[in-house]
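Descriptive structure summary
One-letter residues, chain by chain:
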Amino acid sequence: MKTFEVQFRYRDRSDATVESKVKADASSLPGAVAKATREFVKGLDRKQRFDMNKNGLEITARSLGATTEAGEAAAG
């Protein structure tokens, strides 16, 4: 498993940019983006979801490397 950091950004109704970062453990980048997106959207209320759908959601993801459990197994 790898750890990925996924950043979400969208514009709300007051034209302010809302940003959030979520860390997700997954075996691939698409899996990490899917897990993080589900977690992010669950935390939004009805109006925030509407703003996100209306103005678009920008997703940026990057790998942070292997998890500590895998790193310890490889080192030991």
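Here is a short report on the structure shown in this document. Position labels on residues start from 1 in each chain and follow its written sequence. Totals for whole chains, interfaces and linings use all residues, but because this is a predicted model, local features are given only for residues with pLDDT of at least 70 and pairs of side-chain atoms are given and counted only at 80 or more. The side-chain numbers reported here are obtained from all heavy atoms of the structure, hydrogens and water having been left aside.

Secondary structure elements follow DSSP: runs of H or I of four or more residues count as helices, runs of E of two or more count as strands, with numbering from the N terminus. Summing up its helical and strand segments, the chain has three helices and three strands in all. Starting at the N terminus and ending at the C terminus, the chain contains elements arranged as β-β-α-α-β-α. Buried residues in the chain amount to 24% of all 76 residues. Pairs at least 24 residues apart make up 58% of the contacts formed inside the chain by residues separated by at least 6 positions. Values of accessible area rely on a 1.4 Å probe in the Shrake-Rupley scheme; residue burial ignores everything except the protein chains shown. Carbon and sulfur atoms provide 49% of the accessible area of the chain, an area that totals close to 5300 Å². The buried label goes to any residue with under 20% of its type's maximum accessible area, the exposed label to any with over 50%, and the partly exposed label to all in between, with areas taken from a 1.4 Å probe on protein chains only. Contacts are assigned to residue pairs that have any heavy atoms within 4.5 Å of one another.

Our focus in this paragraph is the environment of Lys2. By the secondary structure assignment, Lys2 is in strand S1 (residues 2–11). Lys2 sits in the partly exposed class, given a relative accessible area of 41%. Separated by 30 residues in the primary sequence, Lys2 and Ala32 have C-alpha atoms spaced 8.8 Å apart.

Quick look at the sheet that holds strand S2 (residues 17–26) now. Each strand in a sheet pairs with its neighbour through backbone hydrogen bonds, running either in the same direction (parallel) or in the opposite one (antiparallel). Read across the open sheet, the three strands follow the order S2-S1-S3; overall the sheet is antiparallel. Each edge of the open sheet carries a strand with a single partner, namely S2 and strand S3 (58–66). In this sheet, adjacent strand axes meet at a mean angle of 20° when their direction is disregarded. Where S1 and S3 come together, eight bridges link them in antiparallel fashion. Residue pairing across strands places Val6 opposite Ala61, the latter belonging to S3. Contacts between helix H1 (residues 29–42) and the sheet are confined to S1, S2 and S3, with S2 contributing the most and set at about 130° to the helix. A pair of strands is treated as paired once DSSP finds two or more bridges between them. Axis definition: a line fitted to C-alpha atoms, over the contacting stretch in the case of helices. Angles run 0 to 180 degrees between N-to-C directions.

One speaks of a salt bridge when a side-chain nitrogen belonging to Lys or Arg is within 4 Å of a carboxyl oxygen belonging to Asp or Glu. One pass over the full model with this rule turns up three salt bridges. Among the ionic pairs, Arg9 bridges to Glu58, the shortest N-O distance being 3.5 Å. Taken together, the positions of Arg9 in strand S1 and Glu58 in strand S3 put the pair 49 residues apart, joining distant regions of the chain. Relative accessible area serves as the criterion here: at 28%, Arg9 is assigned to the partly exposed category. Note that Arg13 is salt-bridged to Asp51, the shortest N-O span being 3.2 Å. Of this pair, Arg13 sits in the loop between S1 and S2 while Asp51 sits in helix H2 (residues 46–55), and the two are 38 residues apart along the sequence. The exposure class of Arg13 is exposed, given its relative accessible area of 53%.

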